[in-house]
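Chain by chain, the residues run as shown.
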Amino acid sequence: MTASDDFAWEPLDDVDDLEVGDRRELSLASGKLVLVMRTETGLHASCADCPHQDTPLAEGMLDGSVLTCPLHFWQWDVTTGEPLGVAELPLEIFELKQEDGRWWIGMRR
Ligand code: FES
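Residues numbered from 1 in each chain as written. Predicted model: local features only at pLDDT ≥ 70, side-chain atom pairs only at ≥ 80, totals over all residues.

Some remarks on the overall build of the protein chain
Going by this rule: Secondary structure elements follow DSSP: runs of H or I of four or more residues count as helices, runs of E of two or more count as strands, with numbering from the N terminus. This radius of gyration counts C-alpha atoms alone. The globule rule is 2.2 Å times how many residues there are, raised to the power 0.38. Each residue gets a C-beta atom placed from its backbone, and two residues are in contact if those atoms lie within 7 Å.
The helix and strand tally for the protein chain stands at zero helices and ten strands. Along the chain direction, N to C, the helices and strands of the protein chain fall in the order β-β-β-β-β-β-β-β-β-β. In terms of overall size, the protein chain behaves like a compact globule, its C-alpha atoms giving a radius of gyration of 13 Å where 109 residues would be expected to give roughly 13 Å. Counting only C-alpha atoms and orienting by the principal axes, one finds that the protein chain spans roughly 40 × 30 × 25 Å. Restricting the contact set of the protein chain to residue pairs at least 6 apart, pairs at least 24 apart contribute 37%.

Notes on the pairing of strand β9 (residues 93–99)
Selection criterion: Two strands pair if DSSP finds at least two bridges between them.
Pairing of strand β4 (residues 42–47) with β9, which is carried by two bridges, proceeds in the antiparallel orientation. Bridging across to β9, Ser46 finds its partner in Ile93. Pairing of β9 with strand β10 (residues 102–108) involves five bridges; the strand directions are antiparallel. Counted as the bridge partner of Gln98 is Trp103 from β10. Count of turn residues in the β9/β10 antiparallel hairpin: two residues, of which Asp100 carries a positive phi of about 55°.

A few points about the UniProt feature "domain: Rieske" (unreviewed entry) in the protein chain
Cut-off, in case you're wondering: UniProt positions are given in the numbering used here, feature names are shortened, and annotations may be inferred rather than shown by experiment.
In this structure's numbering, the residues bearing the UniProt feature "domain: Rieske" (unreviewed entry) are residues 9–105. Secondary structure across residues 9–105 comprises 0% helix and 45% strand; the distance between its end C-alpha atoms is 5 Å.

Brief notes about the nonpolar core
To be explicit about the condition: Buried Ala, Val, Leu, Ile, Met, Phe, Trp, Tyr and Cys residues whose C-beta atoms connect them within 7 Å together make up a nonpolar core. Exposure criterion: with C-beta atoms placed from backbone coordinates, a residue whose C-beta has 20 or more other C-beta atoms within 10 Å is buried, one with 12 or fewer is exposed, and one in between is partly exposed.
Counting residues in each nonpolar core, the largest one holds 19 residues, and the members touching the most others are Val34, Leu35, Val36, Met37, Ala45, Leu57 and Leu67. Sort the elements by how many residues they give to this core and strand β3 (residues 33–39) lands first, with four residues. When near neighbours in sequence (up to four residues on either side) are disregarded, Val36 contacts Leu12, Val15, Leu18, Arg23, Arg24, Leu26, Leu43 and Ala45.

Remarks on the pairing of β4
Where β3 and β4 come together, six bridges link them in antiparallel fashion. When the bridges of β4 are listed, Val36 appears paired with Ala45. What sits between β3 and β4 in their antiparallel hairpin is a turn of two residues.

This is the structure in structure tokens:
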């Protein structure tokens, strides 16, 4: 068993045109909503809604690797999900991989 077996992988389309600083909310085939962002370090994915009061984070601001919720300004490092400043909860971050010329997103089983 490999570490990759710990995840259920779904294809992630419509992300190749994202440029540094861009973010996009996507609906997966499973129905789950995720937020995909591109930073200087690459592509990152998180839950689409704020862990505080479910505000859509696609409406927030991405500055470097720091994502800011538009409602109460909680912030996270999108490379780790670690809360910054006044944020009291971490941001759920999903694994990404590129395989067969396509991006995949992994949900922990
Ligand atoms: S809803 Fe996002 S910080 Fe409050």
